[in-house]
Amino acid sequence: MGFLEELKALLPGRVLTGEAELAPYESDALTAYRKRPLAVALPERKEEVLGAVRLCHQYGVPFVARGSGTSLSGGSLPVEGGVVIALNRMNRILRLDPKARIAVVEPGVVNLKVSQEAAPFGLYYAPDPSSQPISTLGGNVAFNSGGAHCLKYGMTANHVLGLEVVTPTGEVVRLGGESLEGVGPDLHGFFVGTEGLLGVAVEITLRLLPKPEAYHTVLAAYPSLEAAGEAVSRVIRAGLLPGAMEIMDRLSIEAAEKAVRAGYPPVEGLLIVELEGPKEEVAEEALVLEGVLRESGALELRVARDEAERQAIWKGRKAAFSAVGRLSPDYLVQDGVVPRSRLGEALREIQRLSREYGLRVANVFHAGDGNLHPLVLYDGKKPGELERAEALAGEILRLCVRLGGSLTGEHGIGVEKKGYMPEMFAPEDLLAMEEVKRALDSQGLANRGKVLPEVVRAGA
Amino acid sequence: MQHQIPIQKLGKEGEVMAHAIEACVHCGFCLPTCPTYVVLQEEMDSPRGRIFLMKEVLEGNLKLEEALPYLDRCLACQACVTACPSGVPYGELIATFRLWSEEKRHRFPLERTFRLGLLRTLPYPERFRPLAKLGARLKPLLKPLPLPKPLKAPLALLPDRLPEEAPYREVYPAKGERKARVGILLGCAQRVLRPSINQATIRVLQENGVEVVAVPEQACCGALNLHAGDKEGARALARKNLKAFRDVDYVVTNAAGCGSGMKEYPLLFLGEPEEEEARALAAKVKDLSVLLDELGFIPPPPPSRPLRVAYHDACHLAHAQGIREAPRRLLKAAGLEVLEPKEWELCCGSAGTYNLFQPEIAEALGRRKAENLKATGADLVATGNIGCLTQIQAYLDLPVLHTAELLALLYEGKDPLA
């Protein structure tokens with residue numbers, strides 16, 4: 001029996017090989033890249049994932065684990081001649097323990113589902129990427145996903161307590177446990193964010209938090225993007241730690257309004273600040289916040305009057321990326337990070353670059369974290385425009401690194417940004433990463449071709 | 001999304017399809033609201049996947065027959081349209097693609113006959129009524145037999161006894177001061193299977209100061225044919241309606257699919273001489289709930305005991321026409337407590353003739369919907385579409401009523417649970 005026959009015997013009726021079955025798996029949410037896989041496997045239990053990975057290891061076939069395929073960096077792009085292990089059917093919450101405040105889930109569980117199931121116990125799962133209603137926890141773990149509210153609560157890594165992982169060589173390991181305090185090195189923390197290079201998480205233990213008692217969500221309108229950026233530092237300097245601080249520029253406001261009608265004022269810079277916590281505390285902080293925002297030169301302050309208005313504000317913000325599709329046939333989403341104190345400088349420079357390249361750039365970002373999301377708008381039908389957009393995006397990445405930031409805040413390196421790794425890391429650093437990868441996956445099967453640039457591999 | 005669709009070669013239909021495909025950014029926001037994706041968890045059974053498949057077919061990279069199983073499984077419920085942040089007109093895309101592909105595809109003779117049979121009987125009450133009567137009479141005899149699913153499914157949806165339909169008068173006067181003069185679309189299968197919905201609609205409109213005209217020359221809206229890719233059949237029916245409803249302020253529809261079907265007339269006559277007229281008629285079409293809500297609803301006397309009603313959003317009201325609030329406002333104004341089921345956006349599996357052609361998926365969705373409605377703890381269920389009503393009733397042990405029926409009972413001072 002060959003590889004495919006064995007795989008089909010392992011997963012009867014659940015190995016896709018037809019043309020029409022494979023085509024829709026060619027891309028994730030970054031459609032500029034496309035690769036036709038050899039097959040798509042649909043395991044329903046972790047033992048089946050293990051079996052599939054063992055077969056890949058035995059036959060030397062590369063594989064990519066995939067959830068909802070929402071990666072913006074091409075993280076779940078198939079490898080040519082490789083297998084896509086689609087984990088969507090592994091979407092069970094195995095255990096939800098409200099006393100211990102943990103949830104044990106399969107990797108195909110959608111992020112938002114955890115909070116929905118935990119809600120009757122007054123609990124929720126804090127990391128909230130904009131793709132929260134779609135993206136799966138397996139992917140969130142692989143990319144250490146962030147979200148608007150990670151300013152206060154931290155990224156996925158801060159909420160994963162334990163993992164069961166199928167390694168690229170087909171072994172099962174348990175990392176971490178069920179509490180924050182563990183013995184030995186933080187190996188599960190090490191796994192989170194490795195973008196599928198070190199194996200497939202098949203069981204994830206998550207930390208749940210009590211739902212905040214009260215929210216206070218404010219929209220502050222500014223005459224410029226910089227002024228909005230400046231206000232962010234003022235809020236932090238005033239000793240406040242809001243649940244979220246987000247900024248949207250005129251273009252992204254326009255797009256989000258078209259999609260959701262959230263009621264955003266049409267201004268150059270819009271700051272969304274959300275306070276959350278015990279009622280009295282939030283009420284007190286709200287007064288301080290109002291003073292700070294007024295002093296910061298806000299043209300208008302608008303407070304969400306009820307939960308529906310609050311939801312509308314967030315819905316607009318979280319739909320913003322996709323909504324930009326209404327303004328432009330194509331766009332590239334960037335994900336660079338700059339120190340919060342240099343936000344204004346970065347935004348100014350991005351606007352300059354936008355003019356220089358003659359391409360529109362929409363800005364919508366996690367301002368509190370300094371995590372920028374410039375969206376470079378282009379029309380792929382115009383010759384040379386994609387190349388120009390990529391060049392502009394590259395300049396923005398270099399700018400972030402130059403200002404002391406990072407290539408990515410939460411979308412990952414994937415295929416899209418691996419060429420820029422040498423901008424941020426010295427050859428020795430990259431070599432060390434390569435060595436770790438090789439130690440755990442000597443054949444380079446797990447998510448081959450992602451994160452680590454070929455240059456290093458060739459030179460190694 | 002980038003594409004190389006030869007628009008010039010495909011003409012106006014190509015433009016419509018290419019425009020929709022361009023707008024898709026492949027973000028995946030459509031996935032969790034797509035009924036087939038929720039059940040099957042496979043990318044090619046998702047809106048985003050289907051858009052990709054249609055693109056590949058139109059570009060000539062993929063054989064139509066390869067893509068069809070997945071495209072055929074689409075319910076065209078348009079939940080993805082509601083969820084889509086980048087504004088992909090998926091409903092237009094799938095409808096146009098089906099029109100475009102029907103003549104190019106292969107169908108087995110038996111399947112062809114079954115489909116054609118449906119398309120030539122269901123939309124014509126005078127043909128469908130005797131058949132339905134026969135079916136209802138034979139149902140007890142046929143039920144225990146091991147029939148193939150495509151025959152079992154429609155039989156299960158037939159009522160045990162077919163109610164008699166009273167002939168329609170041409171004009172029903174408004175009660176009190178006349179606020180509007182509207183034409184009522186009498187529909188096709190609905191008036192045969194459940195004539196009480198039309199009667200209730202007329203009653204409720206009269207109570208609200210609306211004069212109702214039941215234009216005799218009208219025909220079925222043609223949505224069934226349109227969505228099955230039968231362009232000529234749909235056009236023939238639509239032409240009759242273009243003529244029949246020329247002289248009324250509004251055309252009131254009381255079946256979600258008919259309302260959205262008539263609003264799709266411009267698409268059906270794309271580039272044809274009737275396109276303008278189709279646009280004008282489409283603009284006059286209003287669902288019963290919207291018309292009442294806009295005119296200023298005069299509520300019935302409140303029910304004699306507290307009633308908890310779970311409202312089920314018919315896809316072709318909520319997603320295709322964006323109507324969610326109006327029916328709820330009416331029910332609340334009528335003194336009912338309105339409860340919201342989980343997964344409101346998910347189709348019940350009825351979707352026109354879907355439950356006849358894809359019975360397995362339809363059943364999975366029907367059961368899921370019934371469970372969600374039951375879980376609200378409601379006394380009864382209200383919805384704005386006969387298809388949903390029949391489908392849900394098959395899996396639910398609570399009364400399921402059309403919003404109009406429920407309101408009419410209250411105007412008559414009757415207990416809806418009796």
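Residues numbered from 1 in each chain as written. Chains lettered and ligands numbered in written order. Predicted model: local features only at pLDDT ≥ 70, side-chain atom pairs only at ≥ 80, totals over all residues. Heavy atoms only, no water.

Topic: the overall build of chain B
Right, on to step 1. Scanning chain B for helices and strands turns up 23 helices and nine strands.
Right, on to step 2. By principal-axis analysis of the C-alpha atoms, chain B measures approximately 65 × 50 × 40 Å.
Right, on to step 3. Residue burial in chain B is summarised as follows: out of 418 residues, 62% are buried.
Right, on to step 4. Long-range pairs, those at least 24 residues apart, make up 74% of the contacts in chain B with a sequence separation of at least 6.
Right, on to step 5. Of the roughly 16,600 Å² that chain B leaves accessible, carbon and sulfur atoms contribute 56%.
Right, on to step 6. Charged side chains in chain B number 53 positive and 51 negative. The centres of these two groups are separated by 4 Å. (Helix = DSSP H or I, 4+ residues; strand = E, 2+ residues; numbered from the N terminus. Buried < 20%, exposed > 50% of the residue type's maximum accessible area, 1.4 Å probe, protein only. Contact = heavy atoms within 4.5 Å. Areas by Shrake-Rupley, 256 points an atom, 1.4 Å probe, with all protein chains shown as cover. Lys, Arg positive; Asp, Glu negative; His and termini not counted. Charge placed at Lys NZ, Arg CZ, Asp CG, Glu CD.)

Digging into the nonpolar core
Right, on to step 1. In this structure, A:Y264, A:L375, B:Y90 and B:F97 are the most contacted members of the largest nonpolar core, which totals 77 residues.
Right, on to step 2. Residues contacting B:F97, with those up to four places away along its chain left out, are B:M17, B:M54, B:V57, B:L58, B:L64 and B:L71.
Right, on to step 3. By size, the runner-up hydrophobic cluster in this structure holds 76 residues, among which are B:Y172, B:V192, B:L288 and B:L410. (Core = buried A, V, L, I, M, F, W, Y, C linked by side-chain atoms within 4.5 Å.)

Quick notes on the packing of aromatic side chains
Right, on to step 1. Under the criterion given, the structure shown has three aromatic pairs over all chains.
Right, on to step 2. The interplanar angle of 65° and the centroid separation of 5.6 Å between the aromatic rings of A:F3 and A:Y59 together place this pair among those described as edge-to-face. Residue A:F3 is found in helix α1 (residues 3–10), and its partner A:Y59 is found in helix α3 (residues 46–59); the two are separated by 56 residues along the sequence.
Right, on to step 3. Taking relative accessible area as the criterion, A:F3 reaches 8% and is therefore assigned buried.
Right, on to step 4. A:Y59 sits in the partly exposed class, given a relative accessible area of 32%.
Right, on to step 5. Each ring, one from B:F114 and one from B:F357, has its centre 5.7 Å from the other, and the planes form 65°; the classification is edge-to-face. With B:F114 in helix α7 (residues 109–121) and B:F357 in helix α20 (residues 354–357), the pair connects residues that are 243 residues apart, well separated along the chain.
Right, on to step 6. The positively charged end of A:R310 is found above the aromatic ring belonging to A:Y215, 3.5 Å away from the centroid.
Right, on to step 7. The ring of B:W344 has B:R324 sitting right over it, with the charged end atom 3.4 Å from the ring centre. (Phe/Tyr/Trp six-rings, centres within 6.5 Å; stacked < 30°, edge-to-face > 60°. Lys NZ or Arg CZ within 6 Å of the ring centre and 35° of its normal.)

Some details on the pattern of salt bridges
Right, on to step 1. Scanning the model with the defined rule gives 78 salt bridges over all chains in all.
Right, on to step 2. Across the pair A:E44 and A:R14 runs a salt bridge whose closest N-O atoms are separated by 3.9 Å. With a gap of 30 residues between them, A:E44 in the loop between β2 (39–41) and α3 and A:R14 in the loop between α1 and β1 (15–16) connect regions that are remote in the sequence.
Right, on to step 3. By relative accessible area, A:R14 is classed as buried at 12%.
Right, on to step 4. Two residues, B:E165 and B:R129, come together in a salt bridge whose shortest N-O distance is 2.5 Å. Here the residue B:E165 occupies a position in the loop between α9 (149–157) and β1 (171–172), and B:R129 occupies one in helix α8 (residues 125–142), the gap between them amounting to 36 residues. (Salt bridge = Lys/Arg side-chain N within 4 Å of Asp/Glu carboxyl O.)

Here's the deal with the UniProt feature "domain: FAD-binding PCMH-type" (unreviewed entry) in chain A
Right, on to step 1. Taking the numbering used here, the UniProt-annotated feature "domain: FAD-binding PCMH-type" (unreviewed entry) corresponds to residues 33–211 of chain A.
Right, on to step 2. Along residues 33–211 of chain A one finds 21% helix and 25% strand; the C-alpha atoms at either end are 39 Å apart. (UniProt positions renumbered as here; feature names shortened; annotations may be inferred.)

A closer look at helix α23 (residues 403–411) of chain B
An α-helical segment advances 3.6 residues per turn. Residues three or four places apart therefore align on the same side.
Residue and element names in this part refer to chain B.
Right, on to step 1. Most of α23 is tucked away, with eight of its nine residues classed as buried.
Right, on to step 2. Among the residues making up α23, those that are buried are T403, A404, E405, L406, L407, A408, L410 and Y411.
Right, on to step 3. Of the residues trailing α23, G413 is marked for its positive phi of about 70°.

Thoughts on the pairing of strand β6 (residues 102–105) of chain A
Residue and element names in this part refer to chain A.
Right, on to step 1. Alternating positions in β6 separate into two faces, I102 and V104 on one and A103 and V105 on the other, with burial throughout.
Right, on to step 2. Pairing between strand β5 (residues 93–97) and β6: four bridges, direction antiparallel. Its bridge partner lying in β6, R95 is registered against V104.
Right, on to step 3. Between β5 and the antiparallel strand that follows it, β6, lie four residues; R101 among them carries a positive phi value of about 55°.
Right, on to step 4. With four bridges connecting them, β6 and strand β10 (residues 200–207) associate as antiparallel partners. Its bridge partner being in β10, A103 is matched across the sheet by L206. (Pairing = 2+ DSSP bridges.)

Structural notes on the confidence of the model for chain A
Right, on to step 1. Averaged over chain A, the pLDDT score is 94; the fraction of residues at 70 or greater is 99%.
Right, on to step 2. A low-confidence stretch, residues 456–460 of chain A (pLDDT under 50), is modelled with seven contacts involving residues beyond four sequence positions or located in other chains. (pLDDT = per-residue confidence, 0-100.)

What to know about the sheet that holds strand β18 (residues 374–378) of chain A
Residue and element names in this part refer to chain A.
Right, on to step 1. Sheet architecture is open: seven strands sit in the order β15-β12-β14-β13-β17-β18-β16, paired in antiparallel fashion. Bordering the open sheet on either side are β15 (300–303) and β16 (330–333), each of which pairs with just one other strand. Each strand axis lies, on average, 20° off the axis of its neighbour in the sheet, ignoring direction.
Right, on to step 2. As judged from the four bridges shared by β16 and β18, these two strands associate in the antiparallel manner. Within β18, the residue paired with D330 across the bridge is Y378.
Right, on to step 3. Here helix α8 (residues 225–237) sits on the sheet in contact with β12 (214–222), β13 (244–249), β14 (269–277) and β17 (361–366), set at roughly 170° to β13. (Axes fitted to C-alpha atoms, helices over the stretch in contact; angles between N-to-C directions.)

Focus: the interface of chain A and chain B
Right, on to step 1. Opposite the 39 residues of chain A that make contact, chain B presents 31 residues.
Right, on to step 2. In this assembly, chain A packs against chain B so that about 2,700 Å² is buried in total across both faces, 53% of it on carbon and sulfur atoms.
Right, on to step 3. On inspection of chain A and its partner chain B, the count reaches four salt bridges.
Right, on to step 4. The salt bridge involving B:E56 is made with A:R34; its shortest N-O contact spans 3.1 Å. (Buried area = accessible area lost by both parts, 1.4 Å probe.)

A few points about a negative patch on the surface
Right, on to step 1. Side chains of A:E213, A:E280, A:E281 and A:E284 sit close together on the surface and give a patch of like negative charge.
Right, on to step 2. Structurally, A:E213 is set in the loop between β11 (209–210) and β12. (Patch = residues over 30% accessible without salt bridge, like charges linked within 9 Å, V, L, I, M, F, W, Y side chains within 5 Å.)

Some thoughts on the environment of B:C315
Residues and elements named next belong to chain B.
Right, on to step 1. Following the sequence through the fold, C315 ends up in helix α18 (residues 315–318).
Right, on to step 2. Residue classification places C315 among the buried positions, given a relative accessible area of 8%.
Right, on to step 3. Separated by 211 residues in the primary sequence, C315 and K104 place their C-alpha atoms 29 Å from one another.
Right, on to step 4. If we ignore the near neighbours within four places in the chain, the residues touching C315 are C77, A320 and C347.

Description of the environment of A:D97
Right, on to step 1. Tracing the backbone through its elements, the reader meets A:D97 in strand β5.
Right, on to step 2. Once the C-alpha coordinates of A:D97 and A:A118 are considered, the two residues, 21 residues apart in sequence, prove to be 9.1 Å apart.

Here we look at the packing of helix α3 (residues 47–59) of chain B against helix α4 (residues 64–72) of chain B
Residue and element names in this part refer to chain B.
Right, on to step 1. As a packed pair, α3 and α4 sit with axes 10 Å apart at the nearest point and diverge in direction by 160°. One finds that α3 runs roughly antiparallel with respect to α4. The way α3 lies across α4 gives a crossing that is left-handed. Where α3 abuts α4, its residues R50, L53, M54 and V57 lie against L64, A67, Y70 and L71.
Right, on to step 2. By residue class, the composition of the contact of α3 with α4 is seven nonpolar, no polar and one charged. (Parallel < 35°, antiparallel > 145°, perpendicular 65-115°, else oblique. Left-handed = near helix turned anticlockwise from the far one by under 90°. Nonpolar A, V, L, I, M, F, W, Y, C, P; charged D, E, K, R; others polar.)

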